[in-house]
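Spelled out, the chains give:
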Amino acid sequence: MSGGAEGGERVQELTLARPDDFHVHLRDGAMLRAVLPDTARRFGRALVMPNLSPPVATTDDARAYRAAILEALPAGVACEPLMALYLTDRTTPQEIARARASGIVHGVKLYPAGATTNSASGVTDITRCFAALATMEAEDLPLLVHGEVTDPRVDVFDREEAFIDRVLIPLIERFPGLRIVFEHITTRQAVAFVEGASSRIAATVTAHHLLYSRNAMFAGGLRPHMYCLPVLKREVHREALVRAATGGNPKFFLGTDSAPHPRAAKEASCGCAGIYTAFAAIELYAEVFEAAGRLDRLEAFASLHGARFYGLPPNRERLTLVREAWTVPREYGCGGQALVPLRAGEQMHWRLKD
Ligand code: NCD
Ligand code: ZN
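Figured I'd write up the structure that's included with this text. Model, not experiment: these values are computed from the prediction.

Its volume calculated, the largest pocket comes out at about 350 Å³. Arg223, Met226, Arg343, Ala344 and Glu346 are, among the 16 residues lining the largest pocket, the residues nearest its centre. Residue classes in the lining of the largest pocket are distributed as nine nonpolar, one polar and six charged.

Following the criterion strictly, the structure yields two cavities of 30 Å³ or more and no others. Size it by volume and the largest cavity reaches roughly 110 Å³. Lining the largest cavity are 17 residues, and of these His25, Thr116, Leu229, Asp257 and Ala259 sit closest to its centre. Considering only residue class, the lining of the largest cavity consists of six nonpolar, eight polar and three charged. Lining of the second largest cavity is provided by His225, Ala259, Pro260, His261, Lys266, Gly274, Ile275, Tyr276, Leu339 and Val340. Residue classes in the lining of the second largest cavity are distributed as six nonpolar, three polar and one charged.

Surveying the vicinity of ligand 1 reveals 15 residues, the closest of which are Arg27, Asn51, Thr116, Leu229 and Asp257. Between ligand 1 and His25 there is a distance of 3.1 Å, counted from an oxygen atom to a side-chain nitrogen or oxygen. In this structure, Gly274 approaches ligand 1 through a main-chain N or O atom, which is 3.1 Å from an oxygen atom. Using a 2 Å cut-off from the grid points, one finds that ligand 1 occupies the largest cavity.

Quick notes on the rules
- Residues numbered from 1 in each chain as written.
- Chains lettered and ligands numbered in written order.
- Predicted model: local features only at pLDDT ≥ 70, side-chain atom pairs only at ≥ 80, totals over all residues.
- Heavy atoms only, no water.
- 1 Å grid on protein atoms, 1.4 Å probe; cavity = no way out; pocket = protein on both sides within 12 Å on 5 of 7 lines; lining within 4 Å.
- Points joined across faces, edges and corners; volume = space filled by probe spheres on them.
- Nonpolar A, V, L, I, M, F, W, Y, C, P; charged D, E, K, R; others polar.
- Near = heavy atom within 4 Å.
- Polar contact = N/O pair within 3.5 Å; in protein donor to acceptor, adjacent residues only side chain to side chain.
- Sits in = over half its atoms within 2 Å of the grid points.

In structure tokens form, the structure reads like this:
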């Protein structure tokens, strides 16, 4: 990575190997066409979450979804979609073997049933997936976990911590060779767990969990556009995430969890979980690393650690950010509907160089 710093002045320009987003929701149809250019402009590769309705549950589904994404890519923009399968109670070992052999599927996502958006087809009881998980372990196909228990007796803010003890630790004991990505971690407990686990266990960290604590959801009133799952946590947790992401440990890498929903679905009596960040994803992470005095480590987090975990070479292209203030639009269009981004109407400090 190279910056333009001279004699203690603030860096005005930052060039890094083109980053990858290892956790993004691109949706389909009009939403896909609206959001894909934002991801494709910034990231060399994007690991696309399979929680469509119906879910991307088979290798054939993944192939069809990948073709739809490539079809929607703007001309002249190269971004490789990395596919993930949606694990269900009925996923067979044969399907896992097919996925591995396809070369296009890079992970299998565990959504505990009911944990989040479009998780109704998710896993009701992890023991039902043991045969599939054993094949993933044998074939070295990583498991990507939405790490929250769904037990309604567990406080929403404690569901990630409870998942570690109730699901993750027993899972690792049973399948010690399985590689696991603890997705969009939000707590200091998750950070400590990943740090102490084997090199087969890694985690993605979103920009919004690095930038905001739960106070942002209630600033002056209820802020539906700050609501995502796992929900934002206390400031101590945000600080632990920043230390993990900026600390240089290769177990932590970039996954935006950019999760677009139309405005009407967010601003409702029962609003959807998900924050749209793809419009300025790497720019938001740059703010985090700069505030931590660690811009020099952005490239490792954004462009190297995740690729290494997934056994991919770093992207050869480069991307440059320039220090330049701009105002985020109040909304973007998506097929006749509106999509409200994070920080709508507020300031950004970095801009992509054309
Ligand atoms: C995601 C979505 O909308 O698909 N929502 C979210 O709040 N992150 C699902 C998920 O990743 O939990
Ligand atoms: Zn997600």
